[in-house]
Every structure is written in C-alpha cells, then in structure tokens.
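Close look at the chain arrangement
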Amino acid sequence: QVQLVESGGGLVQAGGSLRLSCAASGRSSSIYPMGWFRQAPGKEREFVAAINWSGANRNYADSVKGRFTISRDNAKRTVYLQMNSLKFEDTAVYYCAAGSTGQAPEAYDFWGQGTQVTVSS
C-alpha cells in the first residue's frame, strides 16, 4: 500500500507559476511510477504527466508540454509538478497517482485527495 498527499495548490494570475508536491509513504513507495491528473468542473479527469521510478522517462499531455515539468526526489519520497505560464484553462483539481506511467486513470492503483489550482485572468 502507498499513501499520497498533494500540496501546493492555490490562486495564481495567468502567466504565473506554481509547484505542486505529492508526498508518498508506505512499502516500496520510492520505486512506484507516478502520474498527475486533473479534473475541471463539468469535464472528465484527464492525464497531465507521468514519471518512472528513476525519473529518466517522462511523459506529458500535449496541452501542457513545454510549460509543465514533472520530477521526483526518491530520498524524500516526493513527486513534483512545476507549472509555468499558467492559463485560465489550467484551472482544475490536480490529483497525484501511483502505479503506472500511462494516460488511463484505470491503470493507477493509488490516488491522493487532490489540490485545487485556480488561474485568474
């Protein structure tokens, strides 16, 4: 089992930046592949980014490529999502997940509670 807790969400102006953190705990939590998803009001949960256990392989949704960066610090058992050049359409609840590097939510075994990101005009 692995437990995930997100933090770092908040209100930011368009064009600004935020860094989300996902703290993991539990057996073998430092070697799980990890992903970030988001869900806006009235929309389905969508894939944002994923990273393997070593951090060598990273994948991004087309909508965030070039603006967001996923990274991890296995010694701290923490995964990060650096979000730059934020747009109004990035507004959503962001979720951390463990167990896959794929784009399908069904492939992930563990989920955090989410953190709200709101981008104002």
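Below, the structure is looked at part by part. Quick caveat: nothing in here was measured; it's all calculated off a predicted structure. (Residues numbered from 1 in each chain as written. Predicted model: local features only at pLDDT ≥ 70, side-chain atom pairs only at ≥ 80, totals over all residues. Heavy atoms only, no water.)

**Some points on the side chain of Ser100**
- By the element assignment, Ser100 lies in the loop between strand 9 (92–98) and strand 10 (110–111).
- For Ser100, a relative accessible area of 13% corresponds to the buried category.
- Looking at Ser100, its side chain comes within polar contact range of the main-chain nitrogen of Gly102, at 2.9 Å.
- Setting aside residues no more than four positions away along its own chain, Ser100 makes contact with Pro33, Met34, Gly35, Ala107 and Tyr108. (Helix = DSSP H or I, 4+ residues; strand = E, 2+ residues; numbered from the N terminus. Buried < 20%, exposed > 50% of the residue type's maximum accessible area, 1.4 Å probe, protein only. Polar contact = N/O pair within 3.5 Å; in protein donor to acceptor, adjacent residues only side chain to side chain. Contact = heavy atoms within 4.5 Å.)

**With respect to the pattern of salt bridges**
- Scanning the entire structure with this criterion turns up four salt bridges.
- Its salt-bridge partner being Glu46, residue Arg38 comes within 2.7 Å of it at the nearest N-O pair.
- Using a relative accessible area of 6% as the deciding quantity, one classes Arg38 as buried.
- Exposure remark for Glu46: the relative accessible area of 30% places this residue in the partly exposed category.
- Sharing partners across several salt bridges, the network here consists of Arg38, Glu46, Arg67 and Asp90. (Salt bridge = Lys/Arg side-chain N within 4 Å of Asp/Glu carboxyl O.)

**Some details on the environment of Ala107**
- Its location among the elements puts Ala107 in the loop between strand 9 and strand 10.
- Each C-alpha atom, one on Ala107 and one on Ala97, is 9.7 Å from the other, the two residues being 10 residues apart in sequence.
- When residues no more than four places from it in sequence are discounted, the contact partners of Ala107 are Gly99 and Ser100.

**A short note on the sheet that holds strand 7 (residues 68–73)**
- If you trace the four strands from one edge of the open sheet to the other, you get 1-3-8-7, paired in antiparallel fashion. Of all strands in the sheet, those bounded by a partner on one side alone are strand 1 (3–7) and strand 7. The sheet shows a mean angle of 15° between the axes of neighbouring strands, taken without regard to direction.
- Sheet topology places strand 7 next to strand 8 (residues 78–83); six bridges connect them, and they run antiparallel. In the strand pairing of strand 8, Ser71 is matched with Tyr80. (Pairing = 2+ DSSP bridges. Axes fitted to C-alpha atoms, helices over the stretch in contact; angles between N-to-C directions.)

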